[in-house]
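Below, each chain spelled out in residue letters.
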Amino acid sequence: MIFIRGSSKLTKLQLLKLAENSGTLLLSPDKINSEEELLLAERLTKDAIREKRNTAKKREKEFLLWLSARTDISSALKLYSFQSPKDILLISFAKTKPQLKKLFQLKQNPLKLRKKATPLEIEKISLSRIL
């Protein structure tokens, strides 16, 4: 998984189209607090897909469900979607950092994430699918 924070000269519509075709998530950087949250969501996504208990068909959407602690994609997207091309967090499982920067015409910005998540952040993600 690659994650990059940056800004793009492209419009929001252009970015969304590119993201859908490249298997990339475009999120609001303000919604993510730590790298550990991203890594935990990635691990839970891999496990869910391997064990065939994933909710979403696409890997990046399954990841978003875990990260957001939601059970439906539309509410997760509404909550975590980026608002402006000037500040985006790109998450990709298929592209490299140089490919992402070129494709999205991205000027990279500092990530500004803590390394470790708080116990509540971990609990939110890890317990989100328990019914």
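Here goes a summary of the coordinates provided. What you see is a predicted model, and the numbers here were worked out from it, not measured in a lab.

A short note on the sheet that holds strand β2 (residues 24-27)
The four strands lie next to each other as β2-β3-β1-β4, forming an open sheet whose pairing is antiparallel. Edge positions in the sheet fall to β2 and β4 (106-109), since each has one partner strand and no second. Adjacent strand axes in the sheet meet at a mean angle of 40 degrees when their direction is disregarded. In this sheet, strand β3 (residues 88-92) lies alongside β2 in antiparallel orientation, the contact comprising four bridges. Of the residues in β3, the one forming a bridge with Leu 26 is Leu 90. Helix α1 (residues 12-22) contacts β1 (2-8), β2 and β3 of the sheet and is inclined by roughly 145 degrees relative to β2.

As for the environment of Phe 3
Relative to the assigned elements, Phe 3 resides in strand β1. Phe 3 sits 88 residues away from Ile 91 along the chain, and the two C-alpha atoms are 4.5 Å apart. Once you skip the residues sitting within four places of it in the chain, Phe 3 turns out to touch Glu 35, Leu 38, Leu 89, Leu 90, Ile 91 and Leu 111.

Examining the pattern of salt bridges
Overall, the coordinates contain 10 salt bridges when judged by the stated rule. Glu 51 is the salt-bridge partner of Arg 53, the closest N and O atoms lying 2.6 Å from each other. By relative accessible area, which is 40% here, Arg 53 ends up partly exposed. By relative accessible area, which is 43% here, Glu 51 ends up partly exposed. Salt bridges sharing partners connect three or more residues here, namely Arg 43, Asp 47, Arg 50, Glu 51 and Arg 53.

Section: the packing of aromatic side chains
Going through the model one piece at a time under the given rule, you end up with one aromatic pair. Between Phe 63 and Phe 93 the ring centres are 5.4 Å apart and the planes differ by 70 degrees, which places this aromatic pair in the edge-to-face class. One end of the pair, Phe 63, is in helix α3 (residues 59-68); the other, Phe 93, is in the loop between β3 and α5 (97-103), and 30 residues separate them in sequence. A relative accessible area of 18% means that Phe 93 is categorised as buried. Across the ring face of Phe 82, the terminal group of Lys 12 is positioned such that the distance to the ring centre comes to 5.3 Å.

A short note on the packing of helix α2 (residues 35-50) against α3
Put simply, α2 and α3 touch, their axes get as near as 8 Å, and they point 125 degrees apart. Of the possible angle classes, the one that applies to α2 and α3 is oblique. The two elements α2 and α3 cross, and the hand of that crossing is right-handed. Along its contact with α2, which presents Glu 37, Leu 38, Ala 41, Glu 42, Leu 44, Thr 45, Lys 46, Ala 48 and Ile 49, the element α3 presents Arg 59, Glu 62, Phe 63, Trp 66 and Leu 67. Residues that form the contact of α2 with α3 fall into these classes: eight nonpolar, one polar and five charged.

About the criteria used
Residues numbered from 1 in each chain as written. Predicted model: local features only at pLDDT ≥ 70, side-chain atom pairs only at ≥ 80, totals over all residues. Heavy atoms only, no water. Pairing = 2+ DSSP bridges. Helix = DSSP H or I, 4+ residues; strand = E, 2+ residues; numbered from the N terminus. Axes fitted to C-alpha atoms, helices over the stretch in contact; angles between N-to-C directions. Contact = heavy atoms within 4.5 Å. Salt bridge = Lys/Arg side-chain N within 4 Å of Asp/Glu carboxyl O. Buried < 20%, exposed > 50% of the residue type's maximum accessible area, 1.4 Å probe, protein only. Phe/Tyr/Trp six-rings, centres within 6.5 Å; stacked < 30°, edge-to-face > 60°. Lys NZ or Arg CZ within 6 Å of the ring centre and 35° of its normal. Parallel < 35°, antiparallel > 145°, perpendicular 65-115°, else oblique. Left-handed = near helix turned anticlockwise from the far one by under 90°. Nonpolar A, V, L, I, M, F, W, Y, C, P; charged D, E, K, R; others polar.

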